[in-house]
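Structural characterization, general
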There are 2 protein chains.
Amino acid sequence: MKAYQELSKEELLSLKAQLEKDFEDAKGKGLKLDMSRGKPSVAQLDMGMDIFDVLNSKSDLTSLEGIDVRNYGVLDGILEAKNMMADIMGVTADHVIVYGNASLNVMFDAVSSAMTHGVMGNTPWCKLDKVKFLCPAPGYDRHFSITQHFGIEMITVPMTPQGPDMDMVEKLVSEDESIKGIWCVPKYSNPQGYTYSDETVKRFASLKPAAKDFRIFWDNAYAVHHLYDEEERQDKVLEILSECEKAGNPDMVYEFASTSKISFSGAGVAAIATSKGNLECIKKALAIQTIGHDKINQLRHARYFKNFDGVNAHMRKHAALMRPKFEAVLEVLDRELSGTGIGEWTRPNGGYFISFESMENCAKAIVAKCKEAGVTLTGAGATYPYGKDPGDSNIRIAPTYPTPDELAMATDIFVLCVKMISVEKLLGQLG
Amino acid sequence: MKAYQELSKEELLSLKAQLEKDFEDAKGKGLKLDMSRGKPSVAQLDMGMDIFDVLNSKSDLTSLEGIDVRNYGVLDGILEAKNMMADIMGVTADHVIVYGNASLNVMFDAVSSAMTHGVMGNTPWCKLDKVKFLCPAPGYDRHFSITQHFGIEMITVPMTPQGPDMDMVEKLVSEDESIKGIWCVPKYSNPQGYTYSDETVKRFASLKPAAKDFRIFWDNAYAVHHLYDEEERQDKVLEILSECEKAGNPDMVYEFASTSKISFSGAGVAAIATSKGNLECIKKALAIQTIGHDKINQLRHARYFKNFDGVNAHMRKHAALMRPKFEAVLEVLDRELSGTGIGEWTRPNGGYFISFESMENCAKAIVAKCKEAGVTLTGAGATYPYGKDPGDSNIRIAPTYPTPDELAMATDIFVLCVKMISVEKLLGQLG
């Protein structure tokens, strides 16, 4: 396909007329499609329904350690749930606290507690003049919302296919004591589906932060969320806790995970993995905050999945459903936009998103145009701190919820809108 | 029985010798009994086991509003859960947010959020020089732990059988702008089992606090937790939200409740009830903190109990189990200590505790003595702010977990220890 940048004004004008006609046709269909949030599909949720048969009125609700999970007690989770979450994160159970239904709350609590009580004996962040976080972007909007909520200044760090720009991370972190954290999605990153390289992880582990209470917020949200069964197409991330230990920074990382996208969204089991020092500090606050999390749901999950093989077997079923969805989107993008020079997109091996880069200053207009034709996308800018994408070019595509057919239709409209807005932009440049 | 205060030194000495002999006998039995925490018994938990048959792999997991509870969304709870929690608190569902597994976390979050972000647009408490809470005492240790955790100064307010000393509450609250809250357990209070009178509730609703962001933390933990089926033995509390509205203080109260002691401890459903103004402020922070609470467990609970009649029917089954336990303790206390002048105790119509008042400066010694003979009680002092009971006289008895037989044995030892310590004290006074 010819790059749009090489088209003459006349060619662009004629293309524009055709695209506008196509758009009116598309609008006429009255579609209502949503590619905005990383939600599991109904079919995917249906696959987990037999978890409800694991516990019934005749079940013995005693945990491995002999705890009656129906009663009070056990601050840090029952052993089988610790084992399950430890396996998912690739750590040992003694590094794990199991929480409630979702990991977002755990991250929120980690920041909130650092604000009011500080991290491992350091000054509470709310007593400091300035607290900053590094935010690799494009990234996850809800991470940025948490730091913004607490008035933490966010500094954007560019993402690369190997992870965040580590030169910039190393420099900033070592020079500025007010930088207290960084948000990371190390595997199948949201939204690009990038996985941090071994070198990136090792450079993270070897950071020399000016702030003693600097923490890496390692949101391992897609640890087992591969799209392909072949091992060579399954991304791997070095285990960060042991890397930090080896590098003499044992306390530098909080790792988060949950089964929200393994069992049920917002009704799963969440966990943190971190050093003994951090665990002790966290448990002190946790003992005030709660008598314990829902151990019955922990038991239900651990008994359902049995072990790590069980988790992976379940995730292969998810992958079989999700693969055609990602491929449906990619097929249209490849067919319609390859060589046009008006967009680039990622081809992740897992996770929940495809990331699209339009020409500069086009993303907002594309998302608005899609909306007009009944296709909802994540708001442009959402993948950047403060909702402001400096290039106005990143668009997050979430292909998990609709069916492959719906996705093909939605992506048809998406590429149509990309073309329209790009043509308008190029015509504007020609004057 | 003759009051111990009227005994001669010789009588006391001879009594002491007898008690010491009895104590050695008791110790010899090697008992291990626990009356320390308000935990449901195994039999009580067994009564709720059929909740696990409510949802199975064939269930339709759609809520009343048509929400698939297995997926993300719904910040404030599904309608049927709102209805259930509203009924328990005696309010309407539009005043309710349904949370996760327990209400302690909700109270913690309410204080934490007030610290970092303030209440309804007022200055965050962490920016103030001084924040104080009123703490009716004896009260619930975990309430006091939360305020202590956040460095909030606690002022003890004496409890009466009608509720907190309202003269003191009114005076302090109207004079001191740094007083931002008060902890209340209005029904079957922990540990005394007192229920606030209508007058107390009305005086609460009519408070004229100096602080605009003063809030009553109304922990309605035992709203439906009666020990007796006869209506005249079931305590009633005026509904505080509407009383506050009537008095022109609609935003002054946060009410908390949960099913922790209805279904399962720490695996139930919790809720807050409050004004529209507060709800809006809370939801703003909640939208950052979570994508939503466990809606599957909300649905399971709502379908299991069906309606408020279902909740009450279930609680009557609990009561049938718990009544003999409370009565076993009271029988021994009545038989052994009536007229002795060395102790007083409450006779609650519900809740989870009996409160015992020893002679001054005896509680710690009694609890320690009991421990020696294998009976664990809540640590003396725990029912007061900072764990310091100024009179060292209050002991909380939690009769819910052991069997009636175990309770009779444990209370036998308890009264023996009360007698021993009291006799020693009286002998000390005689010199």
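Below is a summary of the structure that appears in this document. Given the structure is predicted, the values throughout are model-derived calculations rather than measurements. (Residues numbered from 1 in each chain as written. Chains lettered and ligands numbered in written order. Predicted model: local features only at pLDDT ≥ 70, side-chain atom pairs only at ≥ 80, totals over all residues. Heavy atoms only, no water.)

Looking now at the overall build of chain A. Scanning chain A for helices and strands turns up 13 helices and 13 strands. Radius of gyration (C-alpha) of chain A: 23 Å, near the 22 Å computed for a compact globule of 431 residues. Every one of the 431 residues in chain A was classed for burial, and the buried ones make up 61%. Summarising the internal contacts of chain A: among those between residues at least 6 apart in sequence, 76% fall at separations of at least 24. A total accessible area of about 15,800 Å² is found for chain A, and carbon and sulfur atoms account for 50% of it. The average position of the 48 basic charges and that of the 59 acidic charges among the side chains of chain A differ by 4 Å. (Helix = DSSP H or I, 4+ residues; strand = E, 2+ residues; numbered from the N terminus. Rg over C-alpha atoms; globule rule 2.2 N^0.38 Å. Buried < 20%, exposed > 50% of the residue type's maximum accessible area, 1.4 Å probe, protein only. Contact = heavy atoms within 4.5 Å. Areas by Shrake-Rupley, 256 points an atom, 1.4 Å probe, with all protein chains shown as cover. Lys, Arg positive; Asp, Glu negative; His and termini not counted. Charge placed at Lys NZ, Arg CZ, Asp CG, Glu CD.)

Here we take up the packing of aromatic side chains. Residue and element names in this part refer to chain B. Enumeration according to the criterion identifies 32 aromatic pairs over all chains in this entry. A centroid spacing of 5.3 Å and a plane angle of 90° characterise the contact between Phe217 and Tyr254, whose relative ring orientation is edge-to-face. Of this pair, Phe217 sits in strand E7 (residues 215-219) while Tyr254 sits in strand E8 (residues 253-258), and the two are 37 residues apart along the sequence. Plain terms: the ring middles of Trp345 and Phe356 are 6.2 Å apart, the flat faces sit at 5° to each other, and that makes the pair stacked. Note that Trp345 is positioned in strand E10 (residues 343-345) and Phe356 in strand E11 (residues 354-358), a separation of eleven residues in sequence. (Phe/Tyr/Trp six-rings, centres within 6.5 Å; stacked < 30°, edge-to-face > 60°.)

So, about empty space enclosed by the protein. The full count for this structure, using the stated rule, is eleven cavities of 30 Å³ or more. Of the pockets and cavities examined, the largest cavity occupies roughly 520 Å³. What lines the largest cavity is a set of 42 residues, and nearest its centre among them are Phe108, Asp109 and Ser112 of chain A together with Asp109 and Ser112 of chain B. Contributing elements (two or more residues each) for the lining of the largest cavity: helix H4 (103-117) and helix H9 (276-289) of chain A together with helix H4 (103-117) and helix H9 (276-289) of chain B. By residue class, the composition of the lining of the largest cavity is 26 nonpolar, 14 polar and two charged. One number sums up the size of the second largest cavity: a volume of about 440 Å³. Residue lining of the second largest cavity: 28 residues in total, with Asn101 and Asn105 of chain A together with Asn101, Asn105 and His293 of chain B positioned closest to the centre. For the lining of the second largest cavity, the elements supplying multiple residues, two or more each, are H4 and helix H10 (295-305) of chain A together with H4 and H9 of chain B. Residues belonging to the lining of the second largest cavity are distributed by class as follows: nine nonpolar, 15 polar and four charged. (1 Å grid on protein atoms, 1.4 Å probe; cavity = no way out; pocket = protein on both sides within 12 Å on 5 of 7 lines; lining within 4 Å. Points joined across faces, edges and corners; volume = space filled by probe spheres on them. Nonpolar A, V, L, I, M, F, W, Y, C, P; charged D, E, K, R; others polar.)

Backbone-to-backbone hydrogen bonds pair the strands of a sheet. The strands run either parallel or antiparallel. Residue and element names in this part refer to chain A. The eight strands are arranged E2-E9-E8-E7-E6-E3-E4-E5 in an open sheet whose pairing can be described as mixed. Each edge of the open sheet is held by one strand with a lone partner, namely strand E2 (96-98) and strand E5 (163-164). Sheet topology places strand E8 (residues 253-258) next to strand E9 (residues 270-273); four bridges connect them, and they run antiparallel. Residue pairing across strands places Phe256 opposite Ile272, the latter belonging to E9. Contacts from H4 reach strand E6 (179-184), strand E7 (215-219), E8 and E9, with the element oriented near 155° to E8. (Pairing = 2+ DSSP bridges. Axes fitted to C-alpha atoms, helices over the stretch in contact; angles between N-to-C directions.)

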